[in-house]
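# Fold and geometry: a report
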Amino acid sequence: MAQDAGDGGGELPPPVKKKSPAEEEAEKRRKKLTPGSLMKGIIRSGSGDATPAEGDQVILHCTTRTIDGIVVNSTRREHGGKGIPLRFVLGKSKMILGFAEGFPTMLKGEIAMFKMQPKIHYAEDDCPVATPDGFPKDDELQFEIEMLDFFKAKVVADDLGVVKKIVEEGKGWETPREPYEITARITARTADGKEIIPSKEEAYFFTIGKSELEGLEEVHFYIELVQFIQVRDMLGDGRLIKRRVFDGKGEFPMDCPLHDSLLRVHYKGMLLDEPKSVFYDTRADNDGEPLEFCSGEGLVPEGFEMCVRLMLPGEKSIVTCPPDFAYDKFPRPANVPEGAHVQWEIELLGFEMPKDWTGLTFEEIMDEADKIKNTGNRLFKEGKFELAKAKYDKVLREYNHVHPHDDEEGKIFANSRSSLHLNVAFCYQKMGEYRKSIETCNKVLDANPVHVKALYRRGTSFMLLGDFNDARNDFEKMITIDKSSEQDATAALLKLKQKEQEAEKKARKQFKGLFDKKPGEISEVGVESDGGKDAGDARVNGGEATSADRGVNTNDSPTSESEYAFEEERPGLLGSLWPSARMIFSSLGMNRCAIL
């Protein structure tokens, strides 16, 4: 007995696949076909049984005639054409409806005659192609088509100006791009078969983005990619260039030391004089031993580390580096002058990834995290605030995977997370990013609204930002929550009052005389000659603290004993990136860091 669809006895119909706009448009056009509007007659049979499908490029000759046999248009020389075949990509190229429906019925080598009514060719409503001058678009026409070839095509340019046919698959996955250096065998012909780059045994060498061929309407290139050298513009301005001269082992970039790692490299450093002079060589100046360093800790110049992170084990690369990413912001060797552009020949011998914490106990995880936290503290004290923040962020990210088993572990976990957030907030203060510092403090206060240290840090950021009322509320709230913080809060309030007075004095000076004129007279606002000195001071003294930091100087040094100045509690796990990550991923052609 049949069952109703609603009684649960029948199977659910398969989900309806949503059609793409192109499919909907093709279906809409197909409804214009009526019996007899498109007729096909085979003049010569083709070979095989394959027919063109959507995404294929078809190559064909076409001769258009009236019903009386008069040729009105042709690609063939004998009928007045240029002898250049037409090329279309099915589903992508604009073409008349008769072609869109007729081409997919043809075999390779087939010659067919299509008779079309006007509404199926150029007289179609909203025809996507322009009608040739003097073309009898309102007449019934015959189109003689010879299907020369068709194949699956890769559309390289959106305007279909560049279409690629793969004759033989290559190896690997990486493809060259600007400014890679290419070695390739190339033959080029015009559309009518005239050779413009003859084939030869030796290969051509060129740099992508530096070569061009102009003055020809259509060119067919036959290319065999022999080799390419990976060249990366790390900063996007041509100043920091990494050129791979010997391939490493593994898959790029998955097997590169993108994470902070212990790296072992041999390198030779040279000044870009003529001739180049070597200022250091690990094989000669380090008893033949490689350099070992941990990435993410500011132990080598920034340009050096950025490039090594994109190397595979065993790879050799030549790096050309500008002074601001070499030794102008790093302890400079005695034989390297200030402002020197340098070149490093680097060989990555290998690297060790950070210890895998999977399966560790809570105590072991906290011990490992403590090591990262201590590194961050050292970087902070050295004034490397971005690197320090990256270490704290790394642990905070990994906290998403930590699950305390009891209340005691939960308390340690919560305190450690709050401590890390406050250190991140302090880094933001030192970097002059006060709003981000406030947002980070809010993460602590959302979980614990009476966290005195978070109130102090947020209040300081409010004060440096000029939000004096919010700063006062935080400092006063400290006293109501914890009487032991009264001395620090009072000192912070005194500092706040001083800041307010300075701001008021500046405002009075700036607007002096504005309201002293008689009616009808024009007054001009006075402008400080220092261009807003207070704001500049606040940014320079990003982490400036009040005397509320017990035993702390006015620079709020991380080496102080203040319980509000800097957090030294134990952190959680591994997991974030380093400050140069945006530039590195930009050099990879990626806007996001999802690869990690």
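These numbers were taken from a predicted model, which means no experiment stands behind them. Chains are numbered independently. Their residues run from 1 in the order of the written sequence. For a predicted model such as this one, the threshold for reporting local features is a pLDDT of at least 70, and the threshold for listing and counting side-chain atom pairs is 80 or more; totals across whole chains, interfaces and linings nevertheless cover every residue. Water and hydrogen atoms were dropped before computing side-chain values, which therefore reflect all heavy atoms in the structure.

### Section: the overall build of the chain
Runs of H or I in DSSP of at least four residues are treated as helices and runs of E of at least two as strands, each being numbered from the N terminus. A tally of helices and strands in the chain yields 13 helices and 19 strands. Only protein chains enter the accessibility calculation, which uses a 1.4 Å probe. A residue is then buried if its area is under 20% of the maximum for its type, exposed if over 50%, and partly exposed in between. Burial analysis of the chain (596 residues in total) assigns 41% to the buried set. Whether two residues touch is decided by their heavy atoms; if any such pair falls within 4.5 Å, the residues are in contact. A separation of at least 24 residues holds for 69% of the contacts in the chain among residues at least 6 apart in sequence. Accessible surface, the chain: about 33800 Å² in total, of which carbon and sulfur atoms supply 49%. Per-residue and other accessible areas were derived by the Shrake-Rupley procedure at a 1.4 Å probe size, with only the shown protein chains allowed to occlude residues.

### Observations concerning the UniProt feature "repeat: TPR" (unreviewed entry) in the chain
Annotation from UniProt places "repeat: TPR" (unreviewed entry) at residues 418-451 and 452-485. Between the C-alpha atoms that bound residues 418-451 there is a distance of 9 Å. The span itself is 79% helix and 0% strand. As annotated, residues 452-485 comprises 82% helix and 0% strand, and the C-alpha atoms at either end are separated by 8 Å. UniProt positions are given in the numbering used here, feature names are shortened, and annotations may be inferred rather than shown by experiment.

### Some details on the nonpolar core
The biggest cluster of nonpolar side chains holds 32 residues, and the ones touching the most others in it are Phe304, Val342, Trp344 and Ile346. The set of buried Ala, Val, Leu, Ile, Met, Phe, Trp, Tyr and Cys residues whose side-chain atoms join them within 4.5 Å is what this entry labels a nonpolar core. Membership of the second largest hydrophobic core comes to 23 residues, among which are Leu60, Phe88, Cys127 and Leu141.

### Details of the pairing of strand β9 (residues 181-190)
With eight of 10 residues buried, β9 is to be regarded as a mostly interior element. A pair of strands is treated as paired once DSSP finds two or more bridges between them. As judged from the 10 bridges shared by β9 and strand β12 (residues 219-229), these two strands associate in the antiparallel manner. The partner of Glu181 across the bridge, within β12, is Ile229. Pairing of β9 with strand β10 (residues 195-197) involves two bridges; the strand directions are antiparallel.

### Let's talk about the side chain of Ser261
Tracing the backbone shows Ser261 in the loop between β14 (241-246) and β15 (262-271). Any pair of nitrogen or oxygen atoms within 3.5 Å is treated as a polar contact; in protein, a donor-acceptor pairing is required on top of that, and neighbouring residues in sequence qualify only through side-chain atoms on both sides. A polar side-chain atom of Ser261 sits 2.9 Å from the main-chain carbonyl oxygen of His259.

### Notes on the packing of helix α7 (residues 407-430) against helix α9 (residues 452-465)
Orientation of α7 relative to α9, taken along the N-to-C sense of each, is 15°, at an axis distance of 10 Å. Comparing the axis directions of α7 and α9 gives the class roughly parallel. For the pair α7 and α9, the sense of crossing is left-handed. Listed contacts from α9 to Leu422, Ala425, Phe426 and Gln429 of α7 are Lys453, Ala454, Arg457, Thr460, Ser461 and Leu464. In this count, Pro and Cys sit with the nonpolar residues alongside Ala, Val, Leu, Ile, Met, Phe, Trp and Tyr, while Asp, Glu, Lys and Arg are called charged and the others, Gly among them, polar. Residue classes in the contact of α7 with α9 are distributed as five nonpolar, three polar and two charged. Whenever a helix is involved, its axis is fitted only over the stretch in contact; in every case the axis is a line through C-alpha atoms, and angles between N-to-C directions fall within 0 to 180 degrees. When describing relative orientation, an angle under 35 degrees is termed roughly parallel and one over 145 degrees roughly antiparallel, while 65 to 115 degrees is termed roughly perpendicular and anything else oblique. Whether a crossing is left-handed or right-handed is set by the direction in which the near helix is turned from the far one by less than a right angle, anticlockwise for left-handed and clockwise for right-handed.

### Regarding the environment of Thr175
Within the fold, Thr175 resides in the loop between β8 (163-164) and β9. Separated by 55 residues in sequence, Thr175 and Gln230 place their C-alpha atoms 9.2 Å apart.

### Looking at the environment of Lys154
Along the polypeptide, Lys154 turns up in strand β7 (residues 154-155). Along the backbone, Lys154 and Asp56 are 98 residues apart, and their C-alpha atoms lie at a distance of 8.6 Å. Excluding anything up to four places from it in sequence, Lys154 contacts Val162, Val163 and Lys164.

### Here's the deal with the pattern of salt bridges
Here a salt bridge means any side-chain nitrogen of Lys or Arg lying within 4 Å of a carboxyl oxygen belonging to Asp or Glu. Tallying each qualifying case throughout the model produces 30 salt bridges. The shortest N-O distance in the salt bridge between Lys152 and Asp56 comes to 3.3 Å. Residue Lys152 is found in strand β6 (residues 141-152), and its partner Asp56 is found in strand β2 (residues 56-66); the two are separated by 96 residues along the sequence. Looking at Lys152, the relative accessible area reads 54%, which means it is exposed. A salt bridge links Glu144 to Arg65; the shortest N-O distance between them is 2.9 Å. With a gap of 79 residues between them, Glu144 in strand β6 and Arg65 in strand β2 connect regions that are remote in the sequence. Taking the relative accessible area as the measure of exposure, Glu144 reaches 18% and is therefore buried.

### Quick notes on the confidence of the model for the chain
Predicted confidence across the chain gives a mean pLDDT of 82, with 81% of residues reaching 70 or more. When pLDDT is averaged over each element of the chain, strand β5 (residues 111-116) comes out on top at 97 and helix α12 (residues 533-540) at the bottom at 36. Note on residues 525-563: pLDDT is under 50 here. Beyond four places in sequence and across chains, it has 78 contacts. As a per-residue measure, pLDDT tells how confident the predictor is, with possible values from 0 to 100. Low confidence marks residues 565-577, where pLDDT is under 50. Its contacts with residues over four positions away, or in another chain, come to 78 contacts.

### Considering the environment of Arg232
Relative to the assigned elements, Arg232 resides in strand β13 (residues 231-233). For the pair Arg232 and Arg177, spaced 55 residues apart in sequence, the C-alpha separation works out to 9.1 Å. In this structure the side chain of Arg232 is engaged in a polar contact, spanning 2.8 Å, whose partner is the side chain of Tyr180.

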